[in-house]
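Chain by chain, the residues:
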2 protein chains.
Amino acid sequence: MTTTGSLANGEADGTAGSAAPDKRGHRVTISDLARQLQISKASVSYALNGRAGVSDETRQRVLDLAEELGFHPNSAAVALSASRTRTIGIVIARDPTLISTEAFYMRTLVGIEQYLNEVDSSLLLRLTGENGEDLDVLRRWSRQGRVDGFVLFDEHQNDPRIPLLKELGVPCVVVSSNAPDDGVGRLISQPEETVTLLLDHLAELGHRDIAHVSGPFHFIHEQLRVQLLREHAAARGITVRHIEGNYRYDDGADHTRRLLTGPDRPTAVVLGNDLMAVAALRVTAELGIDVPGEVSILAWDDSPLCELAGPGITAVDQQTMERGRAAADLLLRLAGGQQQLHLEAPPGLLRIRTSSGPVI
Amino acid sequence: MTTTGSLANGEADGTAGSAAPDKRGHRVTISDLARQLQISKASVSYALNGRAGVSDETRQRVLDLAEELGFHPNSAAVALSASRTRTIGIVIARDPTLISTEAFYMRTLVGIEQYLNEVDSSLLLRLTGENGEDLDVLRRWSRQGRVDGFVLFDEHQNDPRIPLLKELGVPCVVVSSNAPDDGVGRLISQPEETVTLLLDHLAELGHRDIAHVSGPFHFIHEQLRVQLLREHAAARGITVRHIEGNYRYDDGADHTRRLLTGPDRPTAVVLGNDLMAVAALRVTAELGIDVPGEVSILAWDDSPLCELAGPGITAVDQQTMERGRAAADLLLRLAGGQQQLHLEAPPGLLRIRTSSGPVI
């Protein structure tokens with residue numbers, strides 16, 4: 001079931017709102033209209049956007065049902081019809097082999113794609129690696145008018161992509177962001193709640209000395225996590241050691257080995273992504289250290305790896321697909337001329353599994 | 001390290017050939033030129049394609065080094081410069097949530113993206129779900145001239161996409177195919193070799209009664225696997241039971257549970273993908289059946305899930321990223337007017353891990 005429930009925050013502001021919730025609290029989507037009328041989502045989209053491709057009779061049936069169910073085509077759909085290319089761009093500047101092992105990007109892209117498919121729009125994708133070529137691609141696609149805007153991931157400090165796109169006048173939405181008011185679209189992360197859940201879970205289990213192996217500190221979202229852990233851990237009498245990792249399997253293994261064989265072994269290790277957490281689990285097995293009896297292992301990104309590991313890894317589910325949907329939605333609204341620049345990302349959830357347990 | 005080693009077959013035909021191997025047997029790529037000259041791959045591509053964006057001096061340095069290293073810009077690069085959009089299209093009609101858990105698609109897309117990035121081209125992507133809307137998208141992107149061609153996955157019997165694209169006159173490459181001579185591009189799978197490796201491995205371990213839980217039989221590549229297993233198993237005195245699965249975790253679990261609790265328990269179960277294999281492993285743990293002591297579990301698609309499972313799962317590595325690269329390369333050649341319609345996919349490899357062992 002696809003819903004646009006993640007948009008609730010933006011809509012509560014009264015600034016946007018593609019659809020009101022129906023009687024069951026479910027937001028009406030183009031998919032719902034298509035299903036009830038037994039026509040394709042593309043046909044619904046044509047009808048709502050006043051484009052050719054459907055008969056007048058079908059158009060009328062779509063508009064009637066949209067009105068009946070409280071679907072208001074005067075926001076996202078209108079925004080969309082004002083856009084030029086019906087295409088959004090994503091340019092990812094990370095090592096491609098890493099992208100292919102981490103589930104994060106695929107789930108985000110799938111969320112974005114689900115949304116785009118519902119509104120009959122497309123994704124132009126480029127993986128450039130880490131040599132700074134992403135800026136060239138952003139510049140050229142913008143100048144060639146190939147996309148209506150960009151979704152940006154992995155914001156880092158003084159990120160040159162943002163002034164570039166502002167200068168070019170191309171809309172963009174930065175995902176997993178804090179909320180500077182600098183005139184670009186931002187899907188605002190609200191990690192406080194998740195950090196609190198994570199720390200409450202560890203505090204209840206008696207942990208007082210934990211280690212946090214993050215991703216690279218130059219990513220804004222990692223800075224946010226470090227800052228929030230620091231703030232909220234102190235109040236609970238918990239000490240957190242922060243170690244900068246790089247999201248890779250071997251790196252997660254190395255840091256964990258050092259932590260667990262060094263002096264002052266922490267009672268819990270929180271790893272910055274699923275891959276590093278699985279690596280940490282493997283290291284505990286090698287060292288003959290019981291999980292969670294002697295150490296708890298947690299991940300800051302849920303995935304099938306965490307679910308299927310033995311023991312299952314307690315993880316922060318960042319609702320990645322929902323985030324992707326929300327980012328694409330905000331971008332299309334911006335491309336259509338709407339002025340609301342910020343939307344709150346859906347809050348993360350803590351998936352408690354068997355890799356975390358009480359300090360013995 | 002990126003290589004175009006997967007193109008060796010096509011080049012051996014004497015029909016294509018973007019680059020000769022250098023002294024170490026490594027094929028020279030645009031990345032190599034960029035690295036040696038310390039300029040971006042985009043600049044190399046501009047220089048090779050005679051496009052604006054580099055100085056005459058840089059252009060000459062690129063052409064000189066290309067000649068020195070035996071990189072021949074008169075095939076892929078020339079093909080490419082004849083293409084119109086520098087964009088290829090992929091429209092995937094599978095359940096998006098399944099795509100987000102299986103590593104197969106992400107690795108294929110990453111392989112395609114690596115190649116496209118080297119030749120400064122882009123990917124237009126749409127995930128439509130399973131309602132037949134993929135045909136609409138293929139038709140519209142073709143008519144709007146948005147892509148130079150399509151890479152098609154999951155070919156099934158009487159697949160309507162192929163006559164549609166032939167009628168529209170848009171090049172396409174079908175991945176994981178057998179080799180009908182029907183005028184469209186095909187990346188030809190050569191699973192005989194892998195099937196032989198798989199069966200030799202099982203025969204050596206003493207297995208005589210194995211079960212194969214496939215993906216849906218309507219996929220051509222699954223038909224090929226069933227047919228080849230049947231042919232090659234008989235000669236080794238092995239009986240194979242074929243059961244149609246659907247690539248989902250729960251489905252893999254259900255079939256395995258039935259096989260292992262029913263009469264005539266097989267001594268080995270080969271699952272059609274990584275997710276079903278991990279599910280099978282979980283079922284053996286639930287049932288208290290030792291792997292590989294009492295049953296061997298194998299997967300027909302390698303991934304981090306197989307590598308990181310406990311025990312590690314013996315799997316067929318289909319060299320998915322290399323396949324993606326090869327498919328994109330063939331498509332760009334076709335789009336550029338070359339006539340070679342078939343290219344052999346890199347052969348699969350058997351990754352032997354601890355989930356397979358001798359029959360006791």
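- The name an unreviewed UniProt entry assigns to chain A is LacI family transcriptional regulator, from the organism Kribbella antibiotica.

1. Details of the overall build of chain A
No. 1: What chain A contains, in helices and strands, is 15 helices and 12 strands.
No. 2: In chain A, 72% of the contacts between residues at least 6 apart in sequence involve partners at least 24 apart.
No. 3: Per element, the accessible surface of chain A, about 13400 Å² overall, is 49% carbon and sulfur.

2. Regarding the sheet that holds strand S4 (residues 172-177) of chain B
No. 1: Judged by pairing direction, the sheet is mixed, and its 12 strands sit side by side in the order S11(A)-S5(A)-S4(A)-S3(A)-S1(A)-S2(A)-S2(B)-S1(B)-S3(B)-S4(B)-S5(B)-S11(B) without closing on themselves. Edge positions in the sheet fall to strand S11 (342-344) of chain A together with strand S11 (342-344) of chain B, since each of these pairs with one other strand and no more. Across the sheet, the mean angle separating the axes of adjacent strands is 25° when strand polarity is ignored.
No. 2: Bridge count between strand S5 (residues 185-188) of chain B and S11(B): 3 bridges; the pairing is parallel.

3. Things to note about the environment of B:Asp209
Residue and element names in this part refer to chain B.
No. 1: Position of Asp209 among the secondary structure elements: in strand S6 (residues 209-214).
No. 2: As a C-alpha pair, Asp209 and Arg241 span 32 residues in sequence and 7.9 Å in three-dimensional space.
No. 3: For Asp209, the side chain forms a polar contact with the side chain of Arg241, separated by 3.1 Å.

4. A few points about the interface of chain A and chain B
No. 1: In this assembly, 43 residues from chain A lie in contact with 43 residues from chain B.
No. 2: Between chain A and chain B, the buried area comes to about 3700 Å², and carbon and sulfur atoms account for 54% of it.
No. 3: Considering only the surface of chain A that becomes buried against chain B, A:Met106, A:Arg126 and A:Leu308 emerge as the three largest contributors, covering 17% of it.
No. 4: The tally of links between chain A and chain B comes to 4 salt bridges.
No. 5: Here B:Asp120 and A:Arg140 are joined by a salt bridge, their closest N and O atoms 2.9 Å apart.
No. 6: Our enumeration of links across chain A and chain B arrives at 22 residue pairs in polar contact (both at pLDDT 80 or more).
No. 7: The set of elements that each furnish at least two residues to the side of chain A that touches chain B consists of helix H3 (41-49), helix H6 (96-101), helix H7 (103-118), strand S2 (122-127), helix H8 (133-143), helix H13 (274-287) and helix H14 (304-308) of chain A.
No. 8: Here the element with the most residues in the side of chain A that touches chain B is H7(A); it accounts for 8 residues.
No. 9: Relative to strand S2 (residues 122-127) of chain B, S2(A) runs antiparallel, the two being bridged by 3 bridges. Counted as the bridge partner of A:Leu125 is B:Leu123 from S2(B).

5. Brief notes about the sheet that holds strand S8 (residues 268-271) of chain B
All names here are of chain B.
No. 1: Spatially, 6 strands are ordered S7-S6-S8-S9-S10-S12 in an open sheet, and the strand pairing comes out mixed. Edge positions in the sheet fall to strand S7 (239-244) and strand S12 (349-351), since each has one partner strand and no second. Mean inter-strand twist for the sheet, computed between neighbouring axes without regard to direction, equals 20°.
No. 2: Taken together, the 3 bridges between strand S10 (residues 314-317) and S12 define a ladder with antiparallel strand orientation. Following the sheet pairing, Ala315 is matched in S12 by Arg351.
No. 3: Sitting on the sheet, helix H13 (residues 274-287) touches S6, S8 and strand S9 (296-299), and the angle it makes with S9 is about 165°.

6. Description of helix H9 (residues 161-168) of chain B
Residues and elements named next belong to chain B.
No. 1: Considered for burial, the residues of H9 that qualify are Arg161, Ile162, Leu164 and Leu165. For H9, the angular spread of the buried residues around the axis is 160°, confining them to a single face.
No. 2: After H9 finishes, the residue Gly169 shows a positive phi value of roughly 70°.

7. So, the pattern of salt bridges
Two side chains carrying opposite charge are able to pair once their charged atoms lie near each other.
No. 1: Summed over all chains, the structure comprises 38 salt bridges over all chains.
No. 2: The salt bridge partner of A:Arg35 is A:Asp32, with a shortest N-O separation of 2.6 Å. Taken together, the residues A:Arg35 and A:Asp32, both in helix H2 (residues 30-37) and 3 residues apart, mark about one turn of the helix.
No. 3: Judged by its relative accessible area of 53%, A:Arg35 is exposed.
No. 4: By relative accessible area, A:Asp32 is classed as buried at 9%.
No. 5: Measuring nitrogen to oxygen at the nearest pair gives 3.5 Å for the salt bridge that ties B:Arg107 to B:Asp301. Placement of the pair is B:Arg107 in helix H7 (residues 103-118) and B:Asp301 in the loop between S9 and helix H14 (304-308), with a sequence separation of 194 residues.
No. 6: What makes B:Asp301 buried here is its relative accessible area of 3%.
No. 7: One network of salt bridges, in which partners are shared, links A:Asp120, B:Arg126 and B:Arg140.

8. Observations regarding the packing of aromatic side chains
No. 1: Following the criterion strictly, the structure yields 8 aromatic pairs over all chains and no others.
No. 2: Plain terms: the ring middles of B:Phe104 and B:Tyr105 are 5.1 Å apart, the flat faces sit at 80° to each other, and that makes the pair edge-to-face. Each member of the pair, B:Phe104 as well as B:Tyr105, carries the same accessibility label: buried.
No. 3: Note on B:Phe219 and B:Tyr247: the rings are 6.2 Å apart at their centroids and 15° apart in plane angle, and the pair reads as stacked. Pair noted here: B:Phe219 is in the loop between S6 and helix H11 (220-235) and B:Tyr247 is in the loop between S7 and helix H12 (249-261), with a separation of 28 residues, a long-range link. Per residue, the accessibility class of B:Phe219 equals that of B:Tyr247, and both read buried.
No. 4: Taken together, A:Phe104, A:Tyr105 and A:Phe153 form an aromatic cluster joined through their ring pairs.

Thresholds applied
- Residues numbered from 1 in each chain as written.
- Chains lettered and ligands numbered in written order.
- Predicted model: local features only at pLDDT ≥ 70, side-chain atom pairs only at ≥ 80, totals over all residues.
- Heavy atoms only, no water.
- Helix = DSSP H or I, 4+ residues; strand = E, 2+ residues; numbered from the N terminus.
- Contact = heavy atoms within 4.5 Å.
- Areas by Shrake-Rupley, 256 points an atom, 1.4 Å probe, with all protein chains shown as cover.
- Pairing = 2+ DSSP bridges.
- Axes fitted to C-alpha atoms, helices over the stretch in contact; angles between N-to-C directions.
- Polar contact = N/O pair within 3.5 Å; in protein donor to acceptor, adjacent residues only side chain to side chain.
- Buried area = accessible area lost by both parts, 1.4 Å probe.
- Salt bridge = Lys/Arg side-chain N within 4 Å of Asp/Glu carboxyl O.
- Buried < 20%, exposed > 50% of the residue type's maximum accessible area, 1.4 Å probe, protein only.
- Arc of directions from axis to C-beta.
- Phe/Tyr/Trp six-rings, centres within 6.5 Å; stacked < 30°, edge-to-face > 60°.

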